[in-house]
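# A structural walkthrough
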2 protein chains.
Amino acid sequence: MEILVLGSAAGGGFPQWNCNGPLSRRARDGDPRVKPRTQSSIAVSADGERWALFNASPDLRQQLTEQPQLHPREGLRHTPVACVALTNADVDHIAGLLTMRERQAYALYASERVQAALRDNPIFGVLDPALVERRVLPLGRPMALAGPEGGPIGLEVEPFAVPGKVALYLEDPQAGDDFGTQEGDTIGLRIAAVDGDACVYYLPGCAALDAPLIERLRGATLVLFDGTLYRDDEMIAAGLGRKTGRRMGHMPIAGPEGSLAGFADLEVARKVYVHVNNSNPILAEDSPERAAVEAAGWQVAEDGLRITL
Amino acid sequence: MEILVLGSAAGGGFPQWNCNGPLSRRARDGDPRVKPRTQSSIAVSADGERWALFNASPDLRQQLTEQPQLHPREGLRHTPVACVALTNADVDHIAGLLTMRERQAYALYASERVQAALRDNPIFGVLDPALVERRVLPLGRPMALAGPEGGPIGLEVEPFAVPGKVALYLEDPQAGDDFGTQEGDTIGLRIAAVDGDACVYYLPGCAALDAPLIERLRGATLVLFDGTLYRDDEMIAAGLGRKTGRRMGHMPIAGPEGSLAGFADLEVARKVYVHVNNSNPILAEDSPERAAVEAAGWQVAEDGLRITL
């Protein structure tokens, strides 16, 4: 199984278009210790030929252009991308669907909640319903992924609910502390090769490590996990925003309730932070925070990172 | 007045993600005579400091990253982009608005028809209404462009209806040959400096040169015009699609009703093709079609083209 990190940044990318903070400035100035990153997406393949995308970022066209394995190979219209699966309805995970038009057949997997968000936006009608089949991911049940014609691609996923938050543009301010969040608004995925033992957990958004999640991830071979913020209040402290990580549905890396502490005893063989926000100091390879996560056995994903299982 | 072509390709960009046609292949292989291009957008400034974007393409984040003049310059959050104006509601002209989020103030100009299309898609709610003021462009009347606080930026626009077609995802198949197209679905813009005579006509989509348009453009200093297709049936002939240019709301370059013939007697000082589709042979600098348009006094825009008036 091959895993390709297409984009390792959170929403807005890195540098973010309107951010003049110290990290975005260093990236824009070409500092080699602070590498630019596009928005959150991975591609996975069991055979190196047919690929599943997980999330479709606003930077998808650039990401596909930069990865020769994802270029069309035959005929006049073609893509090695057989299907796309979404983990939530955030703009940074669905806007790339607007690139995947032009009469191309593929399958589009998402929870019923996320499928509903797509249906409620007529602009996604550019995905011709005769070509793009929308399939519901049922929570808690393994499901074989298939291309548009139903042919298997050698991968299966098990979607599971994780603590999270409904997408910003779907928040209901009248609905209390959770803004109307329901099960299926944010999911994690166990992605496995149908043949063999290769398996990766993909959780680009996760608000807390609760007991079921801890049991699920214990002893995993590979986890790609929410690395949005280092500290829960770092955007406020830096003057870059008004929201905590928790308010945005993301648990921090540091602190007693952070992922560093939460994963300390989980015996996960390889742990990789993805979905890293432009405010997160781990983006700087010379920062003490980067040293701290590496000392704890974590890797910080870069665009183009390739992992073979 | 400075005009910066951010993206010179039509919807899908060049190469297009799923296109394996000869032109996309040459661009992907790095042929220097067939340059890659991002999707349709220009930026205009009267003072080199405050910019107006015209259309927001899906490639906007990449386009802003590549243009130092459009990088943030001060404070923690900033952009030199004071406002955005849209010429229609096509995906290739509005998807970039999803990049222009992150609590940034600017003004968003569009015809009432295009504003309605944005309102009908809740995803554009990520543009915080407290920060992004949506203003209606009235047809046929000059209007000063202003930033989010209402401060003038030294530019005025005159929007005018042009023959065109409603956006693909808004087509009404029951509505006859025009799919329910109404006035305001496609507009052209006269963009002028408030001080001085500098003035450009911007028409990235235009289905026909009718009599009012001919009179309007006659003797202009600079026109950026719809260069989508060279021949009306080129996508069908190449096996790349099932639609003619006219069906998509774009007049061809060649032929008795094409723009080469239509502009022949208009005495426009500088004529530039923008919004060029990946099927259009003028993208190859060694093609006879490229030679033909250049012989007729046209320039084919590339990304990053800068014109000072």
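Refer to the preceding data block for the structure.
A short tour of the structure in this document, coming up. (Residues numbered from 1 in each chain as written. Chains lettered and ligands numbered in written order. Predicted model: local features only at pLDDT ≥ 70, side-chain atom pairs only at ≥ 80, totals over all residues. Heavy atoms only, no water.)

## Regarding the side chain of B:Asp226
All names here are of chain B. Test applied: Only DSSP runs of H or I covering at least 4 residues are called helices, and only runs of E covering at least 2 are called strands; the numbering of each starts at the N terminus. The buried label goes to any residue with under 20% of its type's maximum accessible area, the exposed label to any with over 50%, and the partly exposed label to all in between, with areas taken from a 1.4 Å probe on protein chains only. For the charge count, each Lys or Arg is scored as positive and each Asp or Glu as negative, with His and the chain ends excluded. When a carboxyl oxygen of Asp or Glu is within 4 Å of a side-chain nitrogen of Lys or Arg, the pair counts as a salt bridge. N or O atoms within 3.5 Å of each other form a polar contact, as long as, within protein, one can give a hydrogen and the other can take it, and as long as residues adjacent in sequence are counted only when both atoms are side-chain atoms. Note on contacts: a residue pair qualifies if any of its non-hydrogen atoms lie within 4.5 Å across the two residues.
Within the secondary structure, Asp 226 sits in strand β11 (residues 222-226). Although Asp 226 lies buried, it forms no salt bridge, and the closest oppositely charged side chain, Arg 246, sits 9.9 Å away as judged by the N-O distance. A polar atom in the side chain of Asp 226 sits 2.6 Å from the side chain of His 250. Beyond its immediate sequence surroundings of up to four residues, Asp 226 is in contact with Leu 203, Pro 204, Gly 205, Cys 206, Gly 249, His 250, Met 251, Tyr 273, Val 274 and His 275.

## Some points on the pattern of salt bridges
Residue and element names in this part refer to chain B. Inspection of the entire model under this criterion finds 46 salt bridges over all chains. The salt bridge involving Arg 103 is made with Asp 128; its shortest N-O contact spans 3.2 Å. Remark: Asp 128 occurs in the loop between α4 (112-119) and β6 (132-136) and Arg 103 occurs in the loop between α3 (91-94) and β5 (106-110); sequence separation between them is 25 residues. By relative accessible area, Arg 103 is classed as partly exposed at 41%. Assessed through its relative accessible area of 25%, Asp 128 is described here as partly exposed. With a shortest N-O distance of 3.1 Å, Arg 216 and Glu 158 are connected by a salt bridge. With a gap of 58 residues between them, Arg 216 in helix α5 (residues 211-217) and Glu 158 in strand β8 (residues 152-161) connect regions that are remote in the sequence.

## A word on the sheet that holds strand β4 (residues 81-85) of chain B
Residue and element names in this part refer to chain B. How we decide: DSSP bridges decide pairing: two strands pair if at least two such bridges lie between them. Axis definition: a line fitted to C-alpha atoms, limited for helices to the stretch in contact. Angles are taken between N-to-C directions and run from 0 to 180 degrees.
Judged by pairing direction, the sheet is mixed, and its 7 strands sit side by side in the order β6-β5-β4-β3-β2-β1-β14 without closing on themselves. Edge positions in the open sheet fall to β6 and β14 (306-308), since each of these has one partner strand only. Strand-to-strand twist of the sheet, defined as the mean angle between neighbouring strand axes without regard to direction, takes the value 20°. Note that β5 and β6 share 5 bridges and pair parallel. Pairing of Tyr 106 across the sheet is with Val 132, part of β6.

## So, the sheet that holds strand β10 (residues 199-203) of chain A
Residues and elements named next belong to chain A. The strand order across the open sheet formed by 7 strands is β7-β8-β9-β10-β11-β12-β13, and the pairing between neighbours is mixed. The open sheet has two free edges, formed respectively by β7 (143-146) and β13 (298-300), since each of these has just one partner strand. Pairwise comparison of adjacent strand axes, ignoring direction, gives a mean angle of 25° for this sheet. In terms of strand pairing, β7 meets strand β8 (residues 152-161) through 3 bridges, oriented antiparallel.

## So, the relation of the copies chain B and chain A
What counts here: Least squares is used to superpose the copies, and the fit set is the C-alpha atoms of residues whose pLDDT is at least 70 in both copies.
The transform that puts chain B on chain A rotates by 180° and translates by 0.0 Å along the axis, for an RMSD of 0.0 Å. Here the transformation between the copies is reduced to the relation of a two-fold axis. Relative to the rotation axis, the closest C-alpha in chain B is found at B:Asn121, a distance of 2.3 Å. A share of 100% of interface residues in chain B that are also interface residues in chain A marks the association as one of identical surfaces.

## Overview of the nonpolar core
Heads up, the rule is: The criterion is simple. A nonpolar core is a set of buried Ala, Val, Leu, Ile, Met, Phe, Trp, Tyr and Cys residues joined through side-chain atoms within 4.5 Å.
In this structure, A:Val84, A:Leu97, B:Val84 and B:Leu97 are the most contacted members of the largest nonpolar core, which totals 66 residues. B:Phe160, B:Leu213, B:Met251 and B:Phe263 belong to the second largest nonpolar core, which has 34 residues in total.

## Structural notes on helix α8 (residues 288-295) of chain A
Residue and element names in this part refer to chain A. Applied cut-off: Note: the arc covers the axis-to-C-beta directions of the helix.
Along α8, the residues that are buried comprise Glu 289, Arg 290 and Val 293. The buried residues of α8 occupy an angular sector of 100° when projected down its axis, which confines them to one face. Seen from the open side of α8, the exposed residues pointing more than 90 degrees away from its buried face are Pro 288 and Ala 295. Contact partners of the buried residues in α8: α7 (259-263), β12 (270-274) and β13. At the C-terminal side of α8, Gly 297 shows a positive phi close to 90°.

## Regarding the packing of aromatic side chains
The geometry of two aromatic rings is summed up by the distance between their centres and the angle between their planes. Test applied: Between 30 and 60 degrees the pair is tilted, below 30 it is stacked and above 60 it is edge-to-face, where a pair is any two Phe, Tyr or Trp rings, Trp via its six-membered ring, whose centres lie within 6.5 Å.
For the coordinates displayed, the defined rule picks out 14 aromatic pairs over all chains. Ring geometry for A:Phe225 versus A:Phe263: centroids 4.9 Å apart, planes at 70°, classification edge-to-face. With A:Phe225 in strand β11 (residues 222-226) and A:Phe263 in helix α7, this pair connects stretches of sequence that are 38 residues apart. Among the residues examined, A:Phe225 registers a relative accessible area of 0% and is labelled buried. Using a relative accessible area of 1% as the deciding quantity, one classes A:Phe263 as buried. Ring geometry for B:Phe225 and B:Trp298: centres 6.4 Å apart, planes at 55°, overall tilted.

## Some words on the interface of chain B and chain A
Our working definition: Here the buried area means the combined drop in accessible surface, using a 1.4 Å probe, for two parts upon being joined, counting both sides.
In this assembly, 56 residues from chain B lie in contact with 56 residues from chain A. Approximately 4700 Å² of surface area, both sides summed, lies buried where chain B meets chain A, with 56% of it carried by carbon and sulfur atoms. At the boundary of chain B and chain A, one finds 2 salt bridges. Here A:Arg61 makes a salt bridge to B:Asp59, at a shortest N to O gap of 3.4 Å.

## A few points about the pairing of strand β1 (residues 2-7) of chain B
Residues and elements named next belong to chain B. Extensive coverage of β1 is indicated by the burial of 6 of its 6 residues. Judged from the 3 bridges that link them, β1 and β14 form a sheet pairing that is antiparallel. The residue of β14 that forms the bridge with Ile 3 is Ile 307. Both β1 and strand β2 (residues 41-45) contribute to a ladder of 5 bridges, which runs antiparallel. Bridging from a neighbouring strand, Val 5 pairs with Ile 42 of β2.

## Some details on the environment of B:Pro68
All names here are of chain B. Within the secondary structure, Pro 68 sits in the loop between α2 (60-66) and β4. Pro 68 sits in the exposed class, given a relative accessible area of 59%. Through-space distance from the C-alpha of Pro 68 to that of Lys 271 is 26 Å; in sequence the pair is 203 residues apart.

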